[in-house]
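Working through the structure, step by step
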Amino acid sequence: MFHHVKDLQFNARVSRPDPRFANLLLEQFGGENGELAAAMQYFTQAFGAKVSHPDKYDMLMDIAIEEFSHLEIVGATIQMLLKGVNGELKDAAEQSEIMVAMNGKAEKESVIHAALSANPQFLIITGGGPTPRNSQGVPWCASYINSNGDLTVDLRSNLASESRAKLVYEHLMKFTDDPYIHETLSFLMTREVTHYKLFEAALNSIQPNFPPGVLAADPRFLQNTYNLSGGTVRGPWNQGEIPGMGKDFVYVENPVHQARETEGQTKLPEDFKSELKDKEKLDQQMSKAKSAEVTNAEPKGVAQWSTYKDNEK
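Bear in mind that the values here come from a model prediction, so they are computed numbers and not experimental data.

A look at the nonpolar core
Membership of the largest hydrophobic core comes to 23 residues, with the highest contact counts inside it found for L25, I78 and L185. Contributing elements (two or more residues each) for this core: α1 (19-25), α4 (54-81), α8 (151-172) and α9 (179-204). Those residues in contact with L185 that lie beyond four places of it in its chain are F21, L25, Y169, L172 and M173. With 18 residues, the next largest nonpolar core counts Y42, L60, L151 and I206 among its residues.

Some remarks on the UniProt feature "binding site: Mn(2+)" (unreviewed entry) in the protein chain
When the UniProt feature table is mapped onto this chain numbering, "binding site: Mn(2+)" (unreviewed entry) sits at E35, E67, H70, E162 and H195. Separation in sequence by 161 residues is not matched in space for these annotated residues, since their most distant C-alpha atoms are only 13.1 Å apart. You can see E35 is positioned in helix α3 (residues 35-49). Once residues within four sequence positions are removed from consideration, E35 is found in contact with Q28, E67, H70, L71, V74, Y169, L188 and E192. Here H195 shows up in helix α9. Residue classification places H195 among the buried residues on the basis of a relative accessible area of 0%. Residue contacts for H195: discarding those within four places in its chain leaves I63, E66, E67, H70 and E162.

Calculation criteria
- Residues numbered from 1 in each chain as written.
- Predicted model: local features only at pLDDT ≥ 70, side-chain atom pairs only at ≥ 80, totals over all residues.
- Heavy atoms only, no water.
- Core = buried A, V, L, I, M, F, W, Y, C linked by side-chain atoms within 4.5 Å.
- Buried < 20%, exposed > 50% of the residue type's maximum accessible area, 1.4 Å probe, protein only.
- Helix = DSSP H or I, 4+ residues; strand = E, 2+ residues; numbered from the N terminus.
- Contact = heavy atoms within 4.5 Å.
- UniProt positions renumbered as here; feature names shortened; annotations may be inferred.

Below you can see the structure in the form of structure tokens.
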């Protein structure tokens, strides 16, 4: 159940109209790294976590709702940046607020031109209001959402989403000198960092959380790293211990030779029978554990999403 409070989480303000920046800011309204995408991603991920991870369900819903509040902040900022530009700007009175910020008809016409040249669809289709499109006028798309049904995979997707969104806000700040907008964008950017740390903590609280899913990695192919480009640089990604796995990387200097010698890795020089048996046991253990995680949390009898008495405060 949602209840809309009309006061913004952060009081968005702008110093003056700026249709070009309003168009840029659409990227965080209806773009693939924007607030709508984040809100819908966490909202949809939450459903799959309700039974197996009710605590993470609560976290995902809380963050999803905060992202919707950020969408409102971005939309409000866009609307204020278009103040006087929306509607029939060419008929605006000389004493209108946008005219006060400018120096006459020539400047007024330049603002109209800026608004239209930035994104013609912005004013022609929507009348100037924010709409779920990005800065190029491309409609928002559900393919922006990553929701895989495995909470550890979803949380890793969220870490990447928050990182990208933070970077977009950082870039947006370079294209405006309005101190009020900088304050708003700084707030939104910082909340992305906070959400990143929340998701990171949630992921770390799920053990084991690697590899994703149920099946363990095949020990025959796990450790190899391949020299597939000239002058490959050696580093902690292809030498030394595989982080947290107690095994070392095996660097294959000549992958073509290895593929031919092993007939496409179907005839390996080492015997992995013991490791494969361990993998099979681990697969069975993880399958039972993952299944029990869900089935033990399912109520017997009629299923219902909410227990209203438990929610009373």
